[in-house]
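Coordinate analysis (summary)
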Amino acid sequence: MESYSDKVMDHFRKPRNVGAIDDADGVGKEGNPMCGDIMELSIKVKDDTIIDAKFRTFGCGAAIATSSMITEMIKGKSIQDALKISNRAVAEALDGLPAKKMHCSVLAADALKKAVDDYREHRKAL
Amino acid sequence: MESYSDKVMDHFRKPRNVGAIDDADGVGKEGNPMCGDIMELSIKVKDDTIIDAKFRTFGCGAAIATSSMITEMIKGKSIQDALKISNRAVAEALDGLPAKKMHCSVLAADALKKAVDDYREHRKAL
Amino acid sequence: MKRIYLDYAATTPADPRVIDEMLPFFTEHFGNPSSVHSFGQETKSAVEAARETVSGLLGAAPDEIVFVSGATEANNTALKGTAFAKRDKGNHIITSAIEHHSVSETVAALKKEGFRITNLPVDRYGMVDPDDVKKAIDEKTILISIMHANNEIGTIQPIAEIGKIARERSITFHTDAVQSLGHIPVNVDDLDVDLLSGSSHKFYGPKGVGFLYVRKGTKLTALLFGGDQEKRRRAGTHNTPGIVGTAAAARIAHESMAEESVREAVLRDRLIKGITGAVQDASLNGHPTMRLPNNANISFHFIEGESILLSLDMEGIAASSGSACTSSTLEPSHVLLAIGLSHEVAHGSIRFSLGRWTTDEDVARVIEVLPGIVSRLRVMSPLFAERTSHGIVQR
Amino acid sequence: MKRIYLDYAATTPADPRVIDEMLPFFTEHFGNPSSVHSFGQETKSAVEAARETVSGLLGAAPDEIVFVSGATEANNTALKGTAFAKRDKGNHIITSAIEHHSVSETVAALKKEGFRITNLPVDRYGMVDPDDVKKAIDEKTILISIMHANNEIGTIQPIAEIGKIARERSITFHTDAVQSLGHIPVNVDDLDVDLLSGSSHKFYGPKGVGFLYVRKGTKLTALLFGGDQEKRRRAGTHNTPGIVGTAAAARIAHESMAEESVREAVLRDRLIKGITGAVQDASLNGHPTMRLPNNANISFHFIEGESILLSLDMEGIAASSGSACTSSTLEPSHVLLAIGLSHEVAHGSIRFSLGRWTTDEDVARVIEVLPGIVSRLRVMSPLFAERTSHGIVQR
Ligand SMILES: Cc1ncc(COP(=O)(O)O)c(C=O)c1O
Ligand SMILES: Cc1ncc(COP(=O)(O)O)c(C=O)c1O
């Protein structure tokens, strides 16, 4: 178990944007209890811009920190720009993750994609 | 390597009867350089009684001590009584030997037998 | 902040009295016990005195103790050594689903070498059924290896009963007693074992040293080849300070065991009651009574173990999720799965293990901070949200 | 009586500075480095810092160092681990006739498992000929193991040359550097080795700990299975104090090596010259110049080694006949036989090995007492009698 950066610990200690958006425009859920990580990301979108984002995560310190970090990173960004955020970018924003925890950043990026997909389908359906 | 008794060390420090009897009545040599022990025992016999005994030994501490001890034990004894001295008796007289060194006492008893054999053959030849 | 250590099952601090006994053997009495000269003979005596102490406490004979580098080596030696020594007799090995990795991975390696393995299940308390052992035995069975007390959930196995079964059939019986040694009585004849592993750093001795008890007459191939040490059962220059420390630690643990185990059991029960009383959906793992006096393993539903550990660590409290050496894997503990926990509940389980320096205040502090930690993490958890159906995202 | 220790090749006292660095890790910083919490993280850092120190001194990368319980384990791991990992590539192993038992006995065990062994001879100085290595290689050769410096006679092997040969043919090359480490420069790239064994108690570190250098990319099966430690190359709870002590000892040895090796070589030469000058029929074993700075191995003809050792011990002088761990066998040293000594001369050989605390006076005292010891034993020796033809029993 490698140790966490101060940034990770900061986001673990004071996670940003915890919860679920009641009238979310898109929700993405990724992971499963087998591997011990489940992330749920909900977004509120206006004019193709993510105006709010919240998360709920069952998982380790890195899972919680990456969830928290990605909500911070996408808020205010256009859907297009948000999708450009790679899992590496999330990890870098946290000053790195231990090798064995990199999958958490992948999970966060995937949850975001799913939330955007959900938002797009939802919009199509309207 | 188990450690030696005080008795063994005493005989190693001050071995009794070192040397070879010039006009010996019997000489026995046992052991070989392969295993690292060679004992040579010479006896002087009068009226079937061992009146003198000397040894020369190439070998470890136990080999020297058992040689020294057996010369002490046989001096003054009749040939018959001397032959009754078992290798265990030599080891016991030394307050015991480490298990791995018991072969030295066997060597000493065997050297004695050879010396007696030599004496008997020598007498027959006369 | 005063730090609170509740991970004695992972490792213990060495007792200062143990270090005092070890110290002269580093710099002053440093000779190689295999040497003929006085420097060697004085350390040889120390090693043999330690062997007598350790064997005496186990009800064994001195030359039945083989000093090794720890229980990992002891377990590897016991299993591979028996398998290869008895290969001509059979190829069947019986073990349990809840063994430490140093047993289970060695057994897995033996499987690749052509040995047939039976992995006995356990009940919901983590208990092996001696009847299952009996049933699993066939004419090719050469070895049974069942741990004495489990390192994660603390369940104590019916080793004496299994020992009797093995003895009747002349099958070599090994037990990993790493977690029981120093905490509850361990006697090789009462347990009827042929091989028994111990690790000194689990009972306030030094790290990097342990022993394997080998009953007289037990066939065993050595794992480490080289010099003539340990009657050719384990080569390598003796770790004199470590061996002296092992004996000192074993002696001290033995002297204080009766009193200390009761003291710890009281604290353990207070901790279990305190936590399960203060936190909803928190459940004890392992056997309610047949458990180590110092082990409390608790599942906190809907949240994940490492984040609980980190939160506790931020409060200065050290505990563990599963066994320390596997804390970096993603899979939950095989022990918790074996007792029937779901993956997500297994992931949310914490082991508190108490020890010689655990106080009333330590326990009280854990009970005080845990509810806050758990509810903070539950607020973040989608599983908790689903369960309570509060604020769940429904579209 | 002041005791004089001249058996540094068997084991060294730990340097008090080493113990000072180790001490906090027994009782204070005692956490299991595999644990998530702060107690574990602080010892993990210490282990990783030690790994950096050790690897740096060898010219290696940190993750090429695997901490083990000593060189016996390192050698067993290197040989068995390579043999089993490369089994599909071939079954031929090349080694020499003068390896330590932890190599030769492991190789003998592999032979029983179906591996083919070439045991290279040495010349009368104990030197392996790199040409012999080249000739012995065939398409099935998977491993070459030749020690860096011999523990009995101190001869330093042409490892760099052999390394080049192995490298060209992509054959795994292991060297047992137990006796050279801390005494002469050891750099894994200069020597061109893939695997290298070290034991801390041979360079003023603690007993029961050592390391195996494993070059990146080298295939190696683990010997000890269990937890995830050491990147799964060696399971078992880290011996934190031992590992910290290893690094401290390696650092100190490295810092003082240039000066100390010259100091010891001067004393060694004085000892050799003094003894061979004062005692007739005493001859040096090993290479006259390509030898460890601290080794003097001398044959005293017509008398036996143990009785010389005992006599020296009575004068407070500790030396060794052959290697310490085999001093209880009856056979003379395989190394001395390999360099062509007769059994009886081999039996009468003594190793004096010098070290950090050896003084001028120590050497002078040995030279002073030896002639008396030798002549006393010769008077008792039938071999000496035969040779001199004085007083020989002739009938
Ligand atoms: C039950 C059990 N067996 C074996 C071991 C291995 O002991 P060590 O890591 O000291 O080799 C441990 C601890 O890690 C354990 O808890
Ligand atoms: C050359 C050599 N290799 C290996 C070893 C084995 O080292 P250890 O006994 O520390 O395991 C020794 C010393 O005993 C040695 O001298």
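Refer to the structure printed above.
Residues numbered from 1 in each chain as written. Chains lettered and ligands numbered in written order. Predicted model: local features only at pLDDT ≥ 70, side-chain atom pairs only at ≥ 80, totals over all residues. Heavy atoms only, no water.

1. Regarding the pattern of salt bridges
- Taken as a whole and judged by the stated rule, the model has 72 salt bridges over all chains.
- Linking Glu-40 of chain B and Arg-56 of chain B is a salt bridge whose minimum nitrogen-to-oxygen distance equals 3.2 Å. With a gap of 16 residues between them, Glu-40 of chain B in strand 2 (residues 37-46) and Arg-56 of chain B in strand 3 (residues 49-58) connect regions that are remote in the sequence.
- Overall, the relative accessible area of 6% leaves Glu-40 of chain B in the buried class.
- Where Asp-192 of chain D meets Arg-167 of chain D, a salt bridge forms, and the shortest distance between an N and an O atom there is 2.9 Å. Residue Asp-192 of chain D is found in the loop between helix 8 (188-191) and strand 7 (195-199), and its partner Arg-167 of chain D is found in helix 7 (residues 159-168); the two are separated by 25 residues along the sequence.
- On the basis of relative accessible area, Asp-192 of chain D is assigned to the buried category, the value being 17%.
- Several salt bridges converge on common partners, so that one network encompasses Arg-167, Asp-189, Asp-192, Asp-194 and Arg-215 of chain C. (Salt bridge = Lys/Arg side-chain N within 4 Å of Asp/Glu carboxyl O. Helix = DSSP H or I, 4+ residues; strand = E, 2+ residues; numbered from the N terminus. Buried < 20%, exposed > 50% of the residue type's maximum accessible area, 1.4 Å probe, protein only.)

2. A closer look at the site of ligand 1
- Close to ligand 1 lie 16 residues, the nearest being Thr-72, Asp-176, Ser-199 and Lys-202 of chain C together with Thr-237 of chain D.
- Near ligand 1, the surrounding residues are drawn from chains C and D.
- Lys-202 of chain C places a side-chain nitrogen or oxygen 3.1 Å from an oxygen atom of ligand 1.
- Expressed as a share of its isolated accessible area of 380 Å², the protein-covered part of ligand 1 is 96%.
- Sorting elements by how many residues they give to the shell around ligand 1 places helix 4 (residues 71-85) of chain C first, with three residues. (Near = heavy atom within 4 Å. Polar contact = N/O pair within 3.5 Å; in protein donor to acceptor, adjacent residues only side chain to side chain. Areas by Shrake-Rupley, 256 points an atom, 1.4 Å probe, with all protein chains shown as cover.)

3. Some remarks on the sheet that holds strand 4 (residues 116-120) of chain C
Residue and element names in this part refer to chain C.
- Here seven strands make up an open sheet; going across it, the order is 2-8-7-6-5-3-4 and the pairing mixed. Because the sheet does not close on itself, it has two edges, and the strands there are strand 2 (65-68) and strand 4. Sheet twist, expressed as the mean angle between neighbouring strand axes with direction ignored, is 20 degrees.
- Relative to strand 6 (residues 172-176), strand 5 (residues 141-145) is paired through three bridges, and the arrangement is parallel. Bridge pairing links Leu-143 to Thr-172 in strand 6.
- On the sheet, helix 5 (residues 101-112) packs against strand 3 (92-96), strand 4, strand 5 and strand 6 and is oriented at approximately 155 degrees with respect to strand 3. (Pairing = 2+ DSSP bridges. Axes fitted to C-alpha atoms, helices over the stretch in contact; angles between N-to-C directions. Contact = heavy atoms within 4.5 Å.)

4. Details of the layout of surface pockets
- One number sums up the size of the largest pocket: a volume of about 870 Å³.
- Taken together, 28 residues form the lining of the largest pocket, with Lys-80, Phe-84 and Glu-113 of chain C together with Lys-80 and Phe-84 of chain D sitting closest to its centre.
- Every element with two or more residues in the lining of the largest pocket is listed here: helix 4 and helix 5 of chain C together with helix 4 (71-85) and helix 5 (101-112) of chain D.
- Along the lines of polarity and charge, the residues of the lining of the largest pocket split into 14 nonpolar, five polar and nine charged. (1 Å grid on protein atoms, 1.4 Å probe; cavity = no way out; pocket = protein on both sides within 12 Å on 5 of 7 lines; lining within 4 Å. Points joined across faces, edges and corners; volume = space filled by probe spheres on them. Nonpolar A, V, L, I, M, F, W, Y, C, P; charged D, E, K, R; others polar.)

5. Remarks on the packing of helix 2 (residues 61-74) of chain A against helix 5 (residues 102-125) of chain A
All names here are of chain A.
- The N-to-C vectors of helix 2 and helix 5 enclose an angle of 40 degrees; their axes lie 9 Å apart at closest approach. Between helix 2 and helix 5, the angle is such that the two are oblique. For helix 2 against helix 5, the interelement crossing comes out right-handed. Contact residues: helix 2 offers Ala-62, Ala-63, Thr-66, Ile-70 and Ile-74, while helix 5 offers Cys-104, Ser-105, Ala-108, Ala-109 and Leu-112.
- Along the lines of polarity and charge, the residues of the contact of helix 2 with helix 5 split into eight nonpolar, two polar and no charged. (Parallel < 35°, antiparallel > 145°, perpendicular 65-115°, else oblique. Left-handed = near helix turned anticlockwise from the far one by under 90°.)

6. Let's talk about unusual backbone geometry
- Phi at Asp-47 of chain A is positive, roughly 50 degrees, even though this residue is not glycine.
- Here Asp-47 of chain A lies in the loop between strand 2 (37-46) and strand 3 (49-58).
- Since its relative accessible area comes to 72%, Asp-47 of chain A is described here as exposed.
- The phi torsion at Asp-192 of chain C lies on the positive side, around 60 degrees, for a residue other than glycine.

7. Observations concerning helix 9 (residues 240-278) of chain C
Residue and element names in this part refer to chain C.
- The end-to-end C-alpha distance of helix 9, which contains 39 residues, comes to just 48 Å, noticeably less than the 57 Å that a straight helix rising 1.5 Å per residue would cover.
- Along helix 9, the sharpest change in direction is near 70 degrees and occurs at Met-257.
- The opening residue of helix 9, the one whose side-chain oxygen lies 3.0 Å from the backbone nitrogen of Gly-242, is Asn-239. (Expected span 1.5 Å × (residues − 1). Bend = angle between axes of the 7 residues up to and from the residue.)

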